[in-house]
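Reading the structure
Below are the chains, spelled out letter by letter.
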Amino acid sequence: MPKASFHPFTRPRTWGRFLAGTLVAGLLLATVACLPAQEIPALATGEQTQVRSFLTRHCIACHGTDKAETDLRLDQLPLDLADDVSREHWQAVLDRIAAGEMPPPGKQRPPGKEIAAFTATLAPQLAAANAAARAAQGRTVLRRLNRVEYQNTVCDLLGIEVDLQGQLPADSSANGFDNAGAAHHTSSFLLEKYLEAADAALDAAIANHPQPPPLISKRYSLKEGHPVKTTKEDVYRFLPDGEVVCFCSSEWHNVWISSFYPPDPGVYRFRISASGVQSSGKPVTFRVTEKGKQLTGVNGLVGYFDAPPDQPTLIEFERFLEPRGTISILPYGLASANTVKLTGEEKWEGPGLAIQYVEVEGPLHANWPPASHRQIFGDLKQETFGVYNDRNRVEVVSDQPLVDAERILAKFTQRAFRRTIAAADTAPFVDIVRQRMENGYRFEPAMRAALKGVLLSPEFLFLREEPGQLDDFALACRLSYFLWSTMPDEELFTLAREDRLHQPDVLRQQVERLLTHPKAEALTRNFAGQWLGLREIDATEPSGRLYPEYDHLLKVSMIRETELFFEEILQHDLSLLNFVDSDFTMLNGRLARHYGVDGINGWEFQKTPLPPDSHRGGVLTMASVLKVTANGTTTSPVLRGAWVLDRILGQPPAPPPDDIGSIDPDIRGATTIREQLAQHRESESCGVCHREIDPPGFALESFDVIGAWRNEYRVTGAGKNVVINGQRMPYHLGKPVDPSDTLSDGRRFENIDQYKQLLLQDKRQLARALTSRLLAYGTGRAPQTADQEEVEAIVDQAAASNYGLRSLVHAIVQSRTFQYK
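In this text the structure is predicted, and so the values were computed from the model without any measurement.

Cut-offs and rules
Residues numbered from 1 in each chain as written. Predicted model: local features only at pLDDT ≥ 70, side-chain atom pairs only at ≥ 80, totals over all residues. Heavy atoms only, no water. Helix = DSSP H or I, 4+ residues; strand = E, 2+ residues; numbered from the N terminus. Buried < 20%, exposed > 50% of the residue type's maximum accessible area, 1.4 Å probe, protein only. Areas by Shrake-Rupley, 256 points an atom, 1.4 Å probe, with all protein chains shown as cover. Contact = heavy atoms within 4.5 Å. Salt bridge = Lys/Arg side-chain N within 4 Å of Asp/Glu carboxyl O. Axes fitted to C-alpha atoms, helices over the stretch in contact; angles between N-to-C directions. Left-handed = near helix turned anticlockwise from the far one by under 90°. Nonpolar A, V, L, I, M, F, W, Y, C, P; charged D, E, K, R; others polar. Core = buried A, V, L, I, M, F, W, Y, C linked by side-chain atoms within 4.5 Å. Pairing = 2+ DSSP bridges. Parallel < 35°, antiparallel > 145°, perpendicular 65-115°, else oblique. Phe/Tyr/Trp six-rings, centres within 6.5 Å; stacked < 30°, edge-to-face > 60°. Lys NZ or Arg CZ within 6 Å of the ring centre and 35° of its normal. Expected span 1.5 Å × (residues − 1). Polar contact = N/O pair within 3.5 Å; in protein donor to acceptor, adjacent residues only side chain to side chain.

Structural notes on the overall build of the protein
Across its full length, the protein carries 29 helices and 21 strands. Taking all 821 residues of the protein together, the buried fraction comes to 53%. Summing over all exposed atoms, the protein offers an accessible surface of approximately 35,900 Å²; the carbon and sulfur share of this is 50%.

Okay, structure coming up:
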């Protein structure tokens, strides 16, 4: 047998067992209600003997001794129901035995009387232990703000825009998400990083220099920028009034505004006047990046924009820049510089990008000191206190330092701690100010120390929740971090102070408000980004030899398609079944070309009906998902199949045995992955799992590493030559792809289209799996055994709206699981 994976709430047959046993659970409630709130019951000696005896007769042969065929050693699993891990294991054992999953087919089944006796002994004790543990500690553990939440919270608290996430170490994940409390650890190293981040945040928020000079407001021509004025290649056409036309997309012709290097950090407004030239009526797409930042994923990317043909258009955006920062511009999809220079710009007839001018204005400050400074210190005056490298430095001063400190800190800690506060909450921080000033510090440095103390306080870094029903402030935080990944806004705080947020109608109104706010993009970016693995888009780089058409615009378009698709379903309450199969998607010109869909050009995305023969529809066939479930060279049905079981069906496969080696696909094309996996599936120890994992993986074999449709594999060895637009490709076509297979229950499919229809036959499991994911993300912990009934109730509500995604979010927020710790 393969190693077993015990996740009872994710297995459909176990759920069937649970639903069939709800009557038994109901009979146990009286026993549970009589237990002391914090007393975890223990099995009596006789009961332990009875349980061990049953296991010895029917289970230990496979789950005991050093020759055990799985990683679950029942002979070593303690009957300690006070331990969360042990209790979950025992609940899984009970459920799988009662459901008939264990012993597995082919093994002798225990007599019904023995199963009944085993269940009657263990079930009441488990139910009582689960209830007692829930009453004592709640279902979720204390969780810390992850680095995304930390950055968003600090920026909202202080009214600044600064990158703090990059200063903090990456967060660990549990249940697929990096906001899970069980995955968060705190160390001296992390606290040092928090200290550095707090310093950076306060530096950005507090104005320590006099009012800056008037705004920079200047118009620049690309003639003044590198490499236009330095290149020896004949690839630019110069027109009157400083207009420059670029005819190539070679990276070394990435033009930056080299004469613009601002001395002050801040937000700058850019206006680019651009148009397409000789582009046959189609827009010319171009990329704007922040000069000096590495372009990985969307890091360093300002955006892609479309220049319409022949008609100049003004493109405007704002960007926070560090001192000496600037932007660069590069057209997409044009010829290479080496090609253009052979003809020269004068005779070149291909498309180009014309930039008439670039205007820059900033740093943008409506008032001085900026709002972030006044949000902390109000209208307290400033005086000059020069330092060795800045003799014009100014600081806040106070005639009543302790009075002002107490007032400022009371306001600041109330927002930072995200609840009402008392004098005792601010007293330690006021003491910091007092002690610093007694030691000779001026008012502002003393206040900075106190403010840093607040930002390092556990009350700020952790989401504190008491067991039982959440109070309205804790509920406001759970709701805001679920949908916005940041602290509550003033409207949520007001409702919490009035003790009205928990009212169902009020809560529903707030969910609607939060979902329609631009900050709801965080749910797409952080939930969908982790659920679907979009964050892993840069984990591998496709082979340039096998996939020469892969480029940065395609990668960014892949991610954006999936994000916009998720938002479309959420905002319009479309059925979550669209994630499996849909008759539309969100396409721009680059992705449409990749998918073989005609009639779409440029960067801008649009909701696009899919042709019946496109084989697309749903996230399974999106290039982003297909990219993150492959490596840079080959695809693996095992990896993709495991992804589908885990992310879509909520049935994560068991990990492979330690002594099973990996399968490396043959990129020379001598054998197919199906031929290699055939030996694995014939093995008794591997076949059980591979019969579940491989079919969805084979269904997706019609898509290559970068999500393009294929009928044959691309190989580096001998094969059919490939010529595209007169150019011979560096790869060959090998053996044909076979996307057919049979599910473990005997249902047959011939391709991905038929497989998706088989998935849709169990709509409830699809909804159950997504509900569990959303609960794990929204509460910081995946649903446990005690949450199964509540999950089913949520799925029932979703079913009434044809499994609308927005309706599902409402049902989750209204649930006991969400509103209780």
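The rest of the description comes next.
As for the side chain of Asp404
Within the secondary structure layout, Asp404 lies in helix 11 (residues 401-417). The contact partners of Asp404, leaving out residues within four places of it in the chain, are Leu380, Ser398 and Phe443.

Some details on the pattern of salt bridges
Applying the stated criterion across every chain yields a total of 45 salt bridges. A salt bridge links Arg269 to Glu316, with the shortest nitrogen-to-oxygen separation between them at 3.7 Å. One end of the pair, Arg269, is in strand 6 (residues 266-277); the other, Glu316, is in strand 9 (residues 313-321), with 47 residues separating them in the sequence. Classification of Glu316 by relative accessible area gives partly exposed; the value is 47%.

Notes on the packing of helix 27 (residues 788-800) against helix 28 (residues 805-814)
Contact pair helix 27 / helix 28: the axes reach a minimum separation of 9 Å and the direction vectors enclose 145°. Considering how the two elements wind past one another, helix 27 and helix 28 form a crossing that is right-handed. Between helix 27, through Ile794, Gln797 and Ala798, and helix 28, the contact on the second element is made entirely by Leu808, Ala811 and Ile812. Grouping the constituent residues of the contact of helix 27 with helix 28 by class yields five nonpolar, one polar and no charged.

Here's the deal with the nonpolar core
By size, the foremost hydrophobic cluster in this structure holds 102 residues, and its most contacted members are Leu483 and Phe579. Residues within four places of Phe579 in sequence aside, it is in contact with Trp531, Phe565, Phe566, Ile569, Gly618, Val619, Leu620, Leu770 and Leu805. In terms of nonpolar packing, the next biggest core, distinct from the first, is built from 48 residues, Val154, Val162, Tyr194 and Leu451 among them.

Here's the deal with the pairing of strand 8 (residues 301-307)
Burial analysis of strand 8 places seven of its seven residues in the buried class, which makes it a mostly covered element. Here six bridges tie strand 7 (residues 284-290) to strand 8, and the two strands are oriented antiparallel to one another. In the sheet register, Thr285 faces strand 8, and the bridge partner there is Asp306.

Some words on the sheet that holds strand 10 (residues 327-331)
Here four strands make up an open sheet; going across it, the order is 5-10-7-8 and the pairing antiparallel. With partners counted over all chains shown, the strands left at the sheet margins are strand 5 (255-256) and strand 8, one partner each. Packed onto the sheet, helix 19 (residues 552-571) meets strand 7 and strand 8 and runs at close to 100° relative to strand 8.

Considering unusual backbone geometry
Residue Gly362 is joined to Pro363 through a cis peptide bond whose omega torsion reads -5°. When you line up the elements, Pro363 lands in the loop between strand 11 (352-362) and helix 10 (371-377). Along the chain, Trp368 connects to Pro369 via a cis peptide bond; the corresponding omega equals -5°.

Regarding the environment of Ala630
By secondary structure assignment, the location of Ala630 is in the loop between helix 21 (623-628) and helix 22 (637-648). Using a relative accessible area of 8% as the deciding quantity, one classes Ala630 as buried. C-alpha of Ala630 to C-alpha of Gly707: the two residues are 77 residues apart in sequence and 9.3 Å apart in space. The residues touching Ala630, leaving out its near neighbours within four places in the chain, are Thr540, Thr635, Arg640 and Val705.

Some points on the sheet that holds strand 18 (residues 720-724)
If you trace the three strands from one edge of the open sheet to the other, you get 17-19-18, paired in antiparallel fashion. Across the chains shown, the open sheet's two edge strands, defined by having one partner strand only, are strand 17 (712-715) and strand 18. Across the sheet, the axes of successive neighbouring strands diverge by a mean angle of 45°, strand direction being ignored. Two strands pair when backbone bridges link them, and strand 18 and strand 19 (residues 727-736) are joined in this way by four bridges, in the antiparallel orientation. Within the sheet, the bridge partner assigned to Ile724 lies in strand 19 and is Gln727.

Description of the packing of helix 8 (residues 188-205) against helix 13 (residues 443-455)
Contact pair helix 8 / helix 13: the axes reach a minimum separation of 10 Å and the direction vectors enclose 125°. Relative to helix 13, helix 8 is oriented oblique. Pair helix 8 / helix 13 crosses with right-handed handedness. Only Arg448, Leu451, Lys452 and Leu455 of helix 13 make contact with helix 8, whose side of the interface consists of Leu195, Ala198, Asp199, Leu202 and Asp203. Its residues assigned to classes, the contact of helix 8 with helix 13 shows five nonpolar, no polar and four charged.

What about the packing of aromatic side chains?
In this structure the tally under the stated criterion is 26 aromatic pairs. Taking the centre distance of 4.9 Å and the plane angle of 45° together, the rings of Tyr150 and Tyr194 count as tilted. One end of the pair, Tyr150, is in helix 7 (residues 147-158); the other, Tyr194, is in helix 8, with 44 residues separating them in the sequence. Residue Tyr150 shares its accessibility class with Tyr194, and that shared class is buried. Ring centres of Phe703 and Trp709 lie 5.2 Å apart, and the angle between their planes is 85°; on these two criteria the pair is classed as edge-to-face. In this arrangement the basic side chain of Arg442 is found over the ring face of Phe385, its NZ or CZ atom lying 4.4 Å from the centre. In this structure, Arg816 is placed above the aromatic ring of Tyr820, and the distance from its NZ or CZ to the ring centre is 3.9 Å.

Let's talk about the environment of Arg593
Tracing the sequence through the fold places Arg593 in helix 20 (residues 589-595). Between the C-alpha atoms of Arg593 and Leu554, which are 39 residues apart in sequence, the distance is 9.8 Å.

Let's talk about helix 7
The end-to-end C-alpha distance of helix 7, which contains 12 residues, comes to 16 Å, matching closely the 16 Å that a straight helix rising 1.5 Å per residue would cover. With nine of 12 residues buried, helix 7 lies mostly within the body of the structure. Along helix 7, the residues classified as buried are Val148, Glu149, Tyr150, Gln151, Thr153, Val154, Cys155, Leu157 and Leu158. The opening residue of helix 7, the one whose side-chain oxygen lies 3.2 Å from the backbone nitrogen of Val148, is Asn146. After helix 7 finishes, the residue Gly159 shows a positive phi value of roughly 70°.

As for the side chain of Thr629
Among the structural elements, Thr629 can be located in the loop between helix 21 and helix 22. Classification of Thr629 as buried rests on a relative accessible area of 8%. Among the polar contacts made by the side chain of Thr629, one reaches the main-chain carbonyl oxygen of Leu626 at a distance of 3.3 Å. Thr629 has contacts with Leu639, Arg640 and Trp643, leaving out every residue within four places of it along the chain.

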